[in-house]
Structure formats: structure tokens, C-alpha cells
Amino acid sequence: VVADSFRRLGRITLEYPVPVAASPERGFRLRGRVHVKDRRAGFFLERTHRLCDAGATAQFGDATLDVVSQVLRQLGAEADHCGSIQIAENVVASERVCHLEPVEGRRLDLDAITARWGACEGLTGLTAISGGRFVRCDGNARVTDTAAQLAGSGVVPADVQWTRTAASFFQGNRFLTGALLARVLDCAPGDRVLDLYAGVGLFSVALAARGSAVTAIEGDDMSVADLEINAAPWCRTLTTRQASVEAALLTVAPSAFDVVVLDPPRTGASPEAVAGVLAVAAPRIVYVSCDPATLARDAALLVAGGYVLRSVEAFDLFPNTPHVEMLAVFDR
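So, how was this worked out
Residues numbered from 1 in each chain as written. Predicted model: local features only at pLDDT ≥ 70, side-chain atom pairs only at ≥ 80, totals over all residues. Heavy atoms only, no water. 1 Å grid on protein atoms, 1.4 Å probe; cavity = no way out; pocket = protein on both sides within 12 Å on 5 of 7 lines; lining within 4 Å. Points joined across faces, edges and corners; volume = space filled by probe spheres on them. Nonpolar A, V, L, I, M, F, W, Y, C, P; charged D, E, K, R; others polar. Helix = DSSP H or I, 4+ residues; strand = E, 2+ residues; numbered from the N terminus. Buried < 20%, exposed > 50% of the residue type's maximum accessible area, 1.4 Å probe, protein only. Pairing = 2+ DSSP bridges. Contact = heavy atoms within 4.5 Å. Axes fitted to C-alpha atoms, helices over the stretch in contact; angles between N-to-C directions. Phe/Tyr/Trp six-rings, centres within 6.5 Å; stacked < 30°, edge-to-face > 60°. Lys NZ or Arg CZ within 6 Å of the ring centre and 35° of its normal.

As a further point, take empty space enclosed by the protein. This model, assessed by the stated rule, comprises one cavity of 30 Å³ or more. In this model, the largest cavity occupies a volume close to 90 Å³. Lining the largest cavity are Phe169, Phe170, Gln171, Tyr197, Ala198, Gly199, Val200, Gly201, Leu202, Phe203 and Asp263. A breakdown of the residues in the lining of the largest cavity according to their chemical character gives seven nonpolar, three polar and one charged.

Structure below.
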């Protein structure tokens, strides 16, 4: 899939087989969304609004789906106003938060939910969107991973940790996120690093803890709130900024950074963002992508802009699906 995308869309022929890090196929999800319909939760069958059993895919652990069922039972009639539930767990599944999202055009009655709420075994926090606001309903709004839990020993300093809400983006595979992080650290040497689409700081916090001076750019309100919490212990080496990547790059001086790390959404980087990255003229670009097609498209632009594709590797963060996470390294 990766090689074909590079050949057809990027006009780049890879000279070696793409190495792929494999994932266990059961219970791999750290986070995800299930849809709610008729007071049941599940995935939508592809290209439909037909609800199907999420348990059959084995992406979530059984305990996770048991918690979702408990949440729906406790919601009672309010489940009719709930369109989806986002789930976030830490790697060891000792913390689990459910985030309720209303059906479009409806509003969740948080007073009614709170009044009837009781303990859900295995749930450490409940949050919701109500009236466009993020609200903590019960327990802790965030889950936390330590460096040891996420990446093992020796990859990241032991005092590093990441905390996040269910509404914030984070890599979704409990088995391979640490391996991906380790490879980004390996591929991003340098004293000055620009982290674009930084999310809650998975890469930028680890890079700053390593000793690099990092500037992290993120535009999403919820992710920025988590990023600032995670960055606080590293305030001497990590600067955070809430802005769109396109706007932030307009203010970056050429040659101000040794490495640019970017992890855009599935749509890839916009043409303006790619042009901005090229203008930075960093010696190295480390591009993390969850879509082979948009990575291949952007790779062609970077190569045309004076970079050489040094390596491509894949991480099967979504086993039993055609989706794959990739790490591409470009040198100027």
C-alpha cells in the first residue's frame, strides 16, 4: 500500500521494501469513538449509518466495551440525545474516560445525568460537550501515561508523562505508540526542533526532555490545554504556541530550526503548510502520517523543493484495516 502510493501519487519509486512494525490484533485501541443509536453503541458499517457490533472487531478490550454499556444504562433517556462516545485509556488500562457528544441539534442535560449518576466499575472519569462547552461530569477528566508505561525504560527520561482528555488527539495503539515515539527521537537529532500539529505533546515533550529546544505548534483548544499541562515541567526547553500551522510558519525565520517534525491529520499538510516548511529550510524533516496517499503527495512537493527522501517505515497501528502509520525522513 505504501510503495504503491509513493509510486502512483508521489512519482517516487522506493528502492527497498518498507519495514513494518506489527501490532497485536486484539485490544490495541487506546482511544476511539463509538456511535450511539437506539441506546446501543458500536461502529458504523463503512459508508453507512448502520450500527454494527464493535466487540466483533476486537479493537477495544472487553472491559472497555463493558464500561460503555454501563454508561449507556446510567444515561437512561439521555442516551437518546447522545450521538457518540469518545473513549480514552492509558496504556495499562488503569484509567479510562468516556466523553459524551450530543446528537447534532440536541443538548445533553448534564443536571439530569449528574443526578442519576452512580459508580461505573472501570470508569475513572466522565466528560461531555454541552452547549458547545467541555464539562467534567464525574471523576478525573484526563488519563495519564508515564514514559515507562508508554515506551519502556531508556527511551524517554523516567519523569516524563503525558496527560490527555478523551477529546484530544493521541496515537491510538497501546502497543506501538512507544515504538513510534522512539523512532521519531532517533530520526530527529538536533538542538532546535519545530513540532507542527503537536497535539498533546507526544513528540515535543519527549524531545524537550531529551534536551532539545522545542517549539510546539497546535491549533485545537482541547489539545492545547493538555499540551500546556504536559509541557509545564519542561518550560525551559519547550515553548508552546496555539495557532494554525500555516499562520505559525509565516513567523518562522529561515534556518531557525535543525529539524521540523510534523504529524498532520489524515488530509495531510495543506499546500501553504508545505510551502512554509520548505521556507524554514531545516536540514531534516521528520514526517509522521496516517495516510499513504497524502504522505506521497506531500513527499513529492518536498522532493521538488530540494529534499531527498532518506527513509520510509510503517507502523501497523490499525491492524486488520488498510490504514497504516508511516514515518518518513527527508534531508535537505
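What follows continues from the structure just given.
Let us now look at unusual backbone geometry. Unlike most non-glycine residues, Ala58 shows phi in positive territory, near 60°. In this structure, Ala58 sits in the loop between β4 (51-52) and α2 (62-75). The backbone phi angle of Tyr197 is positive, close to 55°, even though this residue is not glycine. The topology assignment puts Tyr197 in the loop between β11 (192-196) and α6 (202-210). Assessed through its relative accessible area of 18%, Tyr197 is described here as buried.

To continue, consider the layout of surface pockets. Considered as a void within the structure, the largest pocket measures approximately 1,400 Å³ in volume. As for the largest pocket, its lining consists of 43 residues, of which Arg29, Arg31, Arg266, Phe318 and His323 are closest to the centre. Elements that contribute at least two residues to the lining of the largest pocket include exactly β2 (31-37), β3 (40-44), β5 (82-89) and β12 (213-218). Residue composition of the lining of the largest pocket, by class: 20 nonpolar, 15 polar and eight charged.

Turning our eyes to something else, we now look at the sheet that holds strand β7 (residues 125-130). Strand order across the open sheet formed by seven strands is β4-β3-β2-β5-β6-β7-β8, with mixed pairing between neighbours. With one partner strand each, in any of the chains shown, β4 and β8 (133-139) form the two edges of the open sheet. In this sheet, β4 lies alongside β3 in antiparallel orientation, the contact comprising two bridges. Looking at the pairing, Phe44 lines up with Leu51 of β4. Packing of α2 onto the sheet brings it into contact with β2, β3, β5, β6 (96-102) and β7, and relative to β6 it is tilted by some 45°.

Across the five residues of strand β10 (residues 161-165), four count as buried, placing the element largely inside the fold. Here strand β9 (residues 142-146) runs beside β10; their pairing, made up of five bridges, is antiparallel. Paired with Asp145 across the bridge in β10 is Trp162.

Turning our attention to the packing of aromatic side chains. The tally for this structure, following the rule as stated, stands at one aromatic pair. The cationic tip of Arg164 hangs over the ring face of Phe170; the distance from NZ or CZ to the ring centre is 4.3 Å.

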